[in-house]
Amino acid sequence: FTPQIFALKYSTATQHSFTHTNNPPKVPNLIGGSFVNSQSSEFIDVINPATQQVVSQIPLTKNEEFKAAVSAAKEAFPSWRNTPVTTRQRVMLKLQQLIRRDMDKLAMNITTEQGKTLKDAQGDVFRGLEVVEHACGMASLQMGEFSSNVSHGTDTYSVREPLGVCAGICPFNFPAMIPLWMFPVAVTSGNTFVLKPSEKDPGASMLLAELAMEAGLPNGVLNIVHGTNDIVNAICDDEDIKAISFVGSNTAGMHIYARASAKGKRVQSNMGAKNHGIVMPDASPEATLNALVAAGFGAAGQRCMALSTVVFVGDSKEWESELVKRAKSLKVNAGTEPDADLGPVISKQAKERVCRLIQSGVESGARLLLDGRDIVVPGYEQGNFVGPTILSGVTEDMECYKEEIFGPVLLCMQADSLEEAINILNRNKYGNGAAIFTSSGAAARKFQVDIEAGQVGINVPIPVPLPFFSFTGSKASFAGDLNFYGKAGVNFYTQIKTVTQQWKDLPGLSLAMPTSQ
Ligand code: NAD
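Not measured: the values here are computed from a predicted model. (Residues numbered from 1 in each chain as written. Predicted model: local features only at pLDDT ≥ 70, side-chain atom pairs only at ≥ 80, totals over all residues. Heavy atoms only, no water.)

**Q** Outline the sheet that holds strand β15 (residues 367-370), supporting the account with residue identities and numerical values.
**A** Strand order in the open sheet made by the seven strands is β15-β16-β17-β14-β13-β19-β20, with mixed pairing throughout. Only two strands of the sheet have a single partner each, and these edge strands are β15 and β20 (455-458). Neighbour to neighbour, the strand axes of the sheet diverge by 20 degrees on average, direction disregarded. Pairing analysis gives four bridges linking strand β13 (residues 275-279) to strand β19 (residues 433-437), with the strands arranged parallel. Bridge pairing links G277 to A435 in β19. The sheet strands contacting helix α12 (residues 320-328) are β14 (307-313), β15, β16 (389-392) and β17 (409-415), and the helix crosses β15 at an angle near 50 degrees. (Pairing = 2+ DSSP bridges. Helix = DSSP H or I, 4+ residues; strand = E, 2+ residues; numbered from the N terminus. Axes fitted to C-alpha atoms, helices over the stretch in contact; angles between N-to-C directions. Contact = heavy atoms within 4.5 Å.)

What follows is the structure, encoded as structure tokens:
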């Protein structure tokens, strides 16, 4: 394998994509510190979902190129793991500064490839930046334990060592935050990394990698390969990759979990969701309605922690009409337009799927209080837009309820009591997030105790924990046992070694099991 070095820096090359549609730039892989064009003859278009303009093309990376990326990561590992943790932290300190410097550029890239509004794209970068900031404290996070004199003159201590080459496989919906959930924690704890961005929006990963190198990350510590199913399967099967972080749909996540676990790898797999918000009649109406609209329709509903289902308890069901009024007032537009509240969904196929699920709800008896399917956005007539949509009278047997819609669609259900509402949530297969809106401490506490969801919001619609905690989806929303970021994230990327030492000669010979008696 002889890499053809990419002539331009990645970011310089992609600037062309905003003006030249005829010859979109090819997104290079990053192998051993060089941006290299793939020798593949197969490419996939990265499409601006607001305009259908081809922004760039990603290669279906060839197997020997993938192997070269893994070899580069393997080669970089011995010296990187022996680099002092304080030095590794300093790379992250610099990286967080560079991400702040390039925030606007990153956000523009995300809006161009993914569609979300520029402000929301900045949030995407910022929530990832917080993980980089957290990784700056790796010396403390990775600290081991020490017990003195566990037996006569004997001490035991444990150290957390990096695993080796780790890999990350990303979804389209948070092109910056999710790669930043992965590689900063992995590399600062001493691993090297192979990242596979979403084929739909690889640009933010490329820009972040460029910044990581500018921050001083040595060649080969972070590598990037592009592709789809074949490259994912190659990652699952590769003997040199020790752990895989995955975020995406259940179909892909369970496949990767099964295939990579069968090869003895650690896997953390964050998957789909159906997050419910329970509205109690004693909730503050203004704040609750605003929270429901923001969490249901923000990012066009394409957040794994979007609130996609509301359960109105008792009289709170009368708030539905006010919910519709507020949802109607939202502005649907291209994410680059300053007045946009929500942008397009990611693809034509995604729009078709969302519309099909709305229609299935109508056909199975739900009332369509607000229909966003036929929206046309002036100036962006080709965009994959779906306006805010609200279905009421939704029941648990409906397809629109059982499936994750992943679009700007809010389902409304009703319950007579908190108990009944909690039972509805607990019967749902997903367990990513759940929220309650109430002014009663007793109701909130009951909800917190009884609810089967990994991330619980009390008057907080999208309770995504900051990086000193972990992202703790449960049930069908997660497979594995060590969650992303926080203490669990460091534990995921490290192996404990437990050492027992003594420094005096043991008296006599005994074949009995040593004890501390
Ligand atoms: P996706 O599963 O289609 O793609 C994710 C990654 O898996 C991509 O890199 C893709 O190339 C790869 N992939 C897809 N199908 C594959 C297959 N059959 N075999 C091997 N690899 C495959 O997900 P998406 O559409 O990009 O993202 C949306 C999904 O991600 C939603 O379900 C959303 O809930 C979920 N998500 C979950 C979280 C979380 O933390 N729980 C966060 C963000 C997104």
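**Q** Now, about the side chain of N191: what can you tell me, with residues and values included?
**A** Relative to the helices and strands, N191 resides in the loop between α7 (177-188) and β9 (192-196). Using a relative accessible area of 0% as the deciding quantity, one classes N191 as buried. A distance of 3.0 Å separates a polar side-chain atom of N191 from the backbone oxygen of A186. Here the side chain of N191 touches Y493 through a polar contact of 3.0 Å, landing on its backbone oxygen. Not counting chain neighbours up to four residues away, the residues in contact with N191 comprise F77, W80, P162, L163, G164, C166, A186, V221 and Y493. (Buried < 20%, exposed > 50% of the residue type's maximum accessible area, 1.4 Å probe, protein only. Polar contact = N/O pair within 3.5 Å; in protein donor to acceptor, adjacent residues only side chain to side chain.)

**Q** Help me get a handle on the sheet that holds strand β23 (residues 494-502), residues and values and all.
**A** On the basis of which strands lie adjacent, the open sheet formed by three strands has the order β6-β7-β23 and antiparallel pairing. Each end of this open sheet is capped by a strand with a single partner; those strands are β6 (145-151) and β23. Strand-to-strand twist in this sheet, taken as the mean axis angle between neighbours without regard to direction, amounts to 25 degrees. Inspection of the sheet shows β6 paired to strand β7 (residues 154-162) by four bridges, in the antiparallel sense. When the sheet's bridge partners are listed, S151 is paired in β7 with T154.

**Q** I'd love a proper account of the UniProt feature "domain: Aldehyde dehydrogenase" (unreviewed entry) in the protein, names of residues and values included.
**A** Residues given the UniProt feature "domain: Aldehyde dehydrogenase" (unreviewed entry) here are residues 35-499. Between the C-alpha atoms that bound residues 35-499 there is a distance of 42 Å. The span itself is 40% helix and 22% strand. (UniProt positions renumbered as here; feature names shortened; annotations may be inferred.)

**Q** Give me the lowdown on unusual backbone geometry, citing residues and values where you can.
**A** Phi at N149 takes a positive value of approximately 55 degrees, unusual for a residue other than glycine. Here N149 lies in strand β6.

**Q** How would you explain the site of the ligand if you had to name every residue and give the values?
**A** Neighbouring the ligand are 25 residues; C170, E199, S249, M271 and E404 lie closest to it. The separation between a nitrogen atom of the ligand and a polar side-chain atom of N229 is 3.5 Å. The contact in question runs from an oxygen atom of the ligand to an N or O atom on the backbone of G248, over 3.3 Å. The fraction of the free accessible surface of the ligand (840 Å²) that becomes covered by protein chains is 88%. Among the secondary structure elements, those contributing two or more residues to the shell around the ligand are α7, α9 (229-237), β11 (241-247) and α10 (250-262). Partitioned by chemical class, the residues of the shell around the ligand number 14 nonpolar, eight polar and three charged. (Near = heavy atom within 4 Å. Areas by Shrake-Rupley, 256 points an atom, 1.4 Å probe, with all protein chains shown as cover. Nonpolar A, V, L, I, M, F, W, Y, C, P; charged D, E, K, R; others polar.)

**Q** Report on the state of the cysteines, specifying residues and quantitative values.
**A** What we call a disulfide is simply a covalent bond connecting the sulfur atoms of a pair of cysteines. Scanning the model with the defined rule gives zero disulfides in all. Here C170 stays unpaired: no disulfide links it, and the sulfur of C304, its closest cysteine neighbor, is 13 Å away. (Disulfide = S-S within 2.5 Å.)

**Q** Can you lay out the packing of helix α3 (residues 85-101) against helix α5 (residues 118-135) for me, pointing to particular residues and giving the numbers?
**A** Where α3 meets α5, the axes come as close as 8 Å, and the angle between the chain directions of the two elements is 160 degrees. When the interaxial angle is binned, α3 and α5 end up roughly antiparallel. Of the two possible hands of crossing, α3 and α5 adopt the one that is left-handed. For the pair α3 and α5, the contacting residues are Q89, M92, L95, Q96, I99 and R100 in the first and V125, F126, L129, V132, E133 and A135 in the second. Its residues placed into classes, the contact of α3 with α5 shows eight nonpolar, two polar and two charged. (Parallel < 35°, antiparallel > 145°, perpendicular 65-115°, else oblique. Left-handed = near helix turned anticlockwise from the far one by under 90°.)

**Q** Explain the environment of D237 to me, and be specific about the residues and the numbers.
**A** Along the chain, D237 falls in helix α9. Residues D237 and A260, 23 residues apart in the sequence, show an inter-C-alpha distance of 6.4 Å. Ignoring sequence-local partners within four residues, the contact set of D237 consists of R259, K263 and K265.

**Q** Describe helix α8 (residues 203-214), listing the residues and the values that go with them.
**A** Look at α8: 17 Å from first C-alpha to last across twelve residues, which is about the 16 Å you get at 1.5 Å a residue. Most of α8 sits inside the fold, with ten of its twelve residues counted as buried. Of all the residues in α8, the buried ones are G203, A204, S205, M206, L207, L208, A209, E210, L211 and A212. Count one or two residues on from α8 and you reach G216, which has phi positive near 110 degrees. (Expected span 1.5 Å × (residues − 1).)

**Q** Tell me about the pattern of salt bridges, and please be specific about residues and values.
**A** Per the counting criterion, the structure on display carries 24 salt bridges. The partner of D237 in a salt bridge is R259, with the nearest N and O atoms 2.6 Å apart. Linking D237 in helix α9 with R259 in helix α10, this pair joins segments that are 22 residues apart in sequence. Take D237: its relative accessible area is 26%, and that puts it in the partly exposed class. Between D450 and K446 there is a salt bridge; the shortest N-O distance is 2.8 Å. One end of the pair, D450, and the other, K446, are both in helix α16 (residues 441-450), four residues apart, so they sit about a helical turn from each other. Each of E286, E322, K325 and R326 takes part in one network of salt bridges that share partners. (Salt bridge = Lys/Arg side-chain N within 4 Å of Asp/Glu carboxyl O.)

**Q** I'd like a rundown of the packing of aromatic side chains, residues and numbers included.
**A** Throughout the structure, instances matching the rule amount to eight aromatic pairs. For the ring pair W181 and F484, a centre distance of 5.5 Å and an interplane angle of 50 degrees mean the geometry is tilted. Taken together, the residues W181 in helix α7 and F484 in the loop between β22 (478-479) and α17 (486-492) connect sequence positions 303 residues apart. The same class applies to W181 and to F484, which are both buried. (Phe/Tyr/Trp six-rings, centres within 6.5 Å; stacked < 30°, edge-to-face > 60°.)

**Q** A description of a nonpolar patch on the surface should follow, citing residues and the corresponding values.
**A** Taken together, L466, F468 and F469 make up a surface patch of nonpolar side chains, about 330 Å² in accessible area. Of note, F468 is situated in the loop between β20 and β21 (474-475). (Patch = residues over 30% accessible without salt bridge, like charges linked within 9 Å, V, L, I, M, F, W, Y side chains within 5 Å.)

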